[in-house]
Amino acid sequence: MRNVVPLTERELVASFFSPIAYVVGCVFLLFSGWYFVTQVLVPGNEASMRPLFEAMTAILVFAVPLLTMRAVAEELSSGTIETLMTAPVTDAEVVLGKFVGVLLLYAALLLTTLPHVIILLAYSAAPIGVIVFGYLGLLLIGALYISVGLFASCCTRHQLLAAVIAMAILSIFTFLVDYFAELAGPGLRGVLMAVNVPAYFDEFTKGILDTKSVVFFVTTTVFFLFLATKVLESKRWR
Amino acid sequence: MIQVKNLTKYYGAFLAVDNISFKVEEGEIVGFLGPNGAGKSTTLRILTCYQPATSGSATVAGFDVFKQSMEVRKHIGYLPESVPLYPEMRVREYLNFRGKLRGMDRAAREKAINHVTDRCWLGDFIDRPIGQLSKGMKQRVGLADALLHDPKILILDEPTIGLDHTQIRETRNLIRELAKKHTVILSSHILPEVEATCQRTIIIARGKIVASGSPTELRERIAGSSRLIAEIRGPQQEVQSALQGIEGVRKVDCSLNNGWNRLTIETVQGHDPREHISRLAIQRNWALREIRLEAGSLEEFFVQITARHAGLEA
């Protein structure tokens, strides 16, 4: 596992060199800023970051796949996967290295929204603990989104296709799960409710550290990283 | 060092490598020669653990490429045909990254990078981003990466493709020097290159090994098709028929070249009629200004043997 560190370093270099990271970051901040001003910083509203956090999860469904689409798909299309997979590095280390790299990039992106928090705290007595938990939730949901994005990136050499696949998967589990749950019969509904991502995230925004939610995010993240590793391994057999 | 037994690789329904077996001993430079699509790159990719074989086995440095993949990878340096590099990294950064992947600590990495910078002539652009380099420079970076951890075995896929003549010559010298302490297997479809660098050549066509041996051995196998070139001044018809009559001459082709007859003489295997020809010329008072034995080249052998193989297949 010691190879994860150099792989993470290299991933960070690649991410920060790519203009996509900056463009996505700017658009993300644009939307979150707009939401903050129109939903949160309104006189008379409850002093809470909740509407912003909820809006962010929706924006991230589209933003994160754009950050992760490059990760493996570019190596597949440029051929650098060949030197990577013939070095004494396991496929799991490759996936993990990329995961941590993009996660750090994502964390940096979240940090840029701190001005919102500072402004809110300057104009109200919002409970800090709730905000901290909200950000923790954002970190966990981001980890899940990144792992889905990485999995999609491993599937194809076309970056755009990787982004679309990831957005599709994330959309189903974020926007559409409620709708499907309504249509479904009692058995299936139970299953669908169990993977209702927004519901698990809500706990964090309320300031509750629910172990159920933490476990959900951690296990689903690990699951998609596992899938990504398997897909990468399977590339050798073509 | 490298042992391949009954290696077969199918890409779907396409047979890329057909039951090949060969050995490479320690310290040898072996050239894998063959037309495009013959299965050279596929074989090398199996040896480097990039792809698994469909059947058969291969061991590198005593480790099985399928079951002990990590061990194999620690002992090889691989330069793929496409020389894939990360364009946004600088050369030194990239070599540092690759050194870390190979578990080299900082001191070892610095020493190794200085060493390969010298040997692969990277000094001029060691701090430039890879995206700005020319093809030849990138090739050298790839070679430096393969050499970085001083591996026992070097596997080079078309190492001089795209280089200019000076660089080709220098790379060949480098490879020859390396062979003293490393085992090298390289692939190429450029015959003179394999002839110049390798101690032994394995010719592969359509996934099968069609010939194997040192360039001298291979040339001896085609000694039968060697030819004589002679230039004689005299009446064309007479010259031609006189030479035809000499023992050991199979066929005489004649063309006029500025008053001189340029003769291409095919000889029967084992005969060397040069002495007879020169005596004949003196007897008949014809001026003889060139007589030379054109030893069959590896190129001819290669064309013959791959054509013959294709003929069998067709």
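Residues numbered from 1 in each chain as written. Chains lettered and ligands numbered in written order. Predicted model: local features only at pLDDT ≥ 70, side-chain atom pairs only at ≥ 80, totals over all residues.

## A short note on the overall build of chain B
Thinking step 1. For chain B, the helix and strand inventory stands at eleven helices and 14 strands.
Thinking step 2. Over its C-alpha atoms chain B spans a radius of gyration of 25 Å, topping by over 25% the 20 Å that the globule rule assigns to 314 residues.
Thinking step 3. Each principal axis of the C-alpha distribution contributes one length, and for chain B these read about 80 × 45 × 30 Å.
Thinking step 4. In chain B, buried positions account for 38% of the 314 residues. (Helix = DSSP H or I, 4+ residues; strand = E, 2+ residues; numbered from the N terminus. Rg over C-alpha atoms; globule rule 2.2 N^0.38 Å. Buried ≥ 20, exposed ≤ 12 C-beta atoms within 10 Å, placed from the backbone.)

## Quick notes on the interface of chain A and chain B
Thinking step 1. Tallying the contact residues gives 18 residues for chain A and 20 residues for chain B.
Thinking step 2. Secondary-structure elements contributing two or more residues to the side of chain A that touches chain B are α1 (4-17) and α4 (80-85) of chain A.
Thinking step 3. By residue number, the principal contributor to the side of chain A that touches chain B is α1 of chain A, which donates five residues.
Thinking step 4. Counted by class, the side of chain A that touches chain B contains nine nonpolar, six polar and three charged residues. (Contact = placed C-beta atoms within 7 Å. Nonpolar A, V, L, I, M, F, W, Y, C, P; charged D, E, K, R; others polar.)

## Points about the pairing of strand β9 (residues 200-205) of chain B
Look at any regular strand and the pattern is simple: side chains alternate between the two faces of the sheet.
Residue and element names in this part refer to chain B.
Thinking step 1. Within β9, five of the six residues are buried, leaving the element largely enclosed by the surrounding structure.
Thinking step 2. Across four bridges, the pairing between strand β3 (residues 29-33) and β9 is parallel. Along β9, the bridge assignment pairs Leu33 with Ile203.
Thinking step 3. As defined by bridge partners, β9 adjoins strand β10 (residues 208-213) across five bridges and the pair is classed as antiparallel. Counted as the bridge partner of Ile202 is Ser212 from β10.
Thinking step 4. In sequence, β9 turns back onto β10 through a hairpin of two residues, with Arg206 there showing a positive phi of about 50 degrees. (Pairing = 2+ DSSP bridges.)

## A short note on the packing of α1 of chain A against helix α5 (residues 91-111) of chain A
Residues and elements named next belong to chain A.
Thinking step 1. Between α1 and α5, the shortest axis-to-axis distance is 8 Å and the interhelical angle comes to 45 degrees. With respect to α5, the axis of α1 lies oblique. Relative to α5, the crossing made by α1 is right-handed. In contact with Val4, Leu7, Thr8, Glu11, Leu12 and Ser15 of α1, α5 contributes Glu93, Val94, Leu96, Gly97, Lys98, Val100, Gly101, Val102, Leu104 and Leu105. (Axes fitted to C-alpha atoms, helices over the stretch in contact; angles between N-to-C directions. Parallel < 35°, antiparallel > 145°, perpendicular 65-115°, else oblique. Left-handed = near helix turned anticlockwise from the far one by under 90°.)

## A closer look at the environment of Asp164 of chain B
All names here are of chain B.
Thinking step 1. Turning to its location among the elements, Asp164 is positioned in the loop between β7 (153-157) and α6 (165-178).
Thinking step 2. Given 12 C-beta atoms within a 10 Å radius, Asp164 is considered exposed.
Thinking step 3. Asp164 sits 38 residues away from Ile126 along the chain, and the two C-alpha atoms are 20 Å apart.

## Remarks on helix α5 (residues 135-147) of chain B
All names here are of chain B.
Thinking step 1. Here α5 spans 18 Å end to end across 13 residues, near enough to the 18 Å set by a 1.5 Å rise per residue.
Thinking step 2. Within α5, ten of the 13 residues are buried, which leaves the element mostly enclosed by the surrounding structure.
Thinking step 3. Within the sequence span of α5, burial applies to Met137, Gln139, Arg140, Val141, Gly142, Leu143, Ala144, Asp145, Ala146 and Leu147.
Thinking step 4. Packed against the buried residues of α5 are β6 (76-79), α3 (91-101), α4 (106-119) and β7. (Expected span 1.5 Å × (residues − 1).)

## Details of the environment of Ser82 of chain B
Residue and element names in this part refer to chain B.
Thinking step 1. Inspection of the secondary structure assignment puts Ser82 in the loop between β6 and α3.
Thinking step 2. With 16 C-beta atoms counted inside 10 Å, the residue Ser82 sits in the partly exposed group.
Thinking step 3. Distance from Ser82 to Val249, taken between C-alpha atoms, is 49 Å for residues 167 residues apart in sequence.

## A few points about the nonpolar core
Thinking step 1. Judged by nonpolar contacts, the single largest core of 130 residues is most densely connected at Leu67 and Leu150 of chain A together with Ala144 and Ile155 of chain B.
Thinking step 2. Per-element tally for this core: the top contributor is helix α7 (residues 128-155) of chain A, with 15 residues.
Thinking step 3. Not counting residues up to four positions away in its chain, the partners in contact with Leu67 of chain A are Ala21, Val24, Val102, Leu105, Tyr106 and Gly149 of chain A.
Thinking step 4. Residues Ala230, Val239, Ala242 and Val249 of chain B belong to the second largest nonpolar core, which totals twelve residues. (Core = buried A, V, L, I, M, F, W, Y, C linked by C-beta atoms within 7 Å.)

## A closer look at the sheet that holds strand β8 (residues 183-188) of chain B
All names here are of chain B.
Thinking step 1. Pairing is mixed across the open sheet formed by six strands, whose spatial order is β6-β7-β8-β3-β9-β10. The sheet is open, and its two edges are formed by β6 and β10, each paired on a single side. Each neighbouring strand pair of the sheet contributes to a mean axis angle of 15 degrees, computed without reference to strand direction.
Thinking step 2. The sheet contact formed by β3 and β8 spans five bridges and is parallel. Bridging across to β8, Phe32 finds its partner in Ser187.
Thinking step 3. Along the sheet face, α5 touches β6 and β7 and points at about 165 degrees away from the line of β6.

## Brief notes about the confidence of the model for chain B
Residues and elements named next belong to chain B.
Thinking step 1. Mean pLDDT for chain B: 86, with 92% of residues reaching 70 or above.
Thinking step 2. Of all secondary-structure elements in chain B, the lowest mean pLDDT belongs to helix α11 (residues 298-313), at 66, while α3 reaches the highest, 95.
Thinking step 3. We note a pTM of 0.84 for the whole complex and an ipTM of 0.87 for its interfaces. (pLDDT = per-residue confidence, 0-100.)

## Some points on unusual backbone geometry
All names here are of chain B.
Thinking step 1. A positive phi is found at Ala61, a non-glycine position, where the angle reads about 55 degrees.
Thinking step 2. Among the structural elements, Ala61 can be located in the loop between β4 (55-60) and β5 (63-64).
Thinking step 3. The exposure class assigned to Ala61 is partly exposed, which follows from the 17 C-beta atoms found within 10 Å.
Thinking step 4. Phi at Arg206 takes a positive value of approximately 50 degrees, unusual for a residue other than glycine.

## So, α3 of chain B
Thinking step 1. Those residues of α3 of chain B that sit buried are Val91, Tyr94, Leu95, Asn96, Arg98, Gly99 and Leu101 of chain B.
Thinking step 2. Residues of α3 of chain B that are buried sit in contact with α1 of chain A together with α4 and α5 of chain B.

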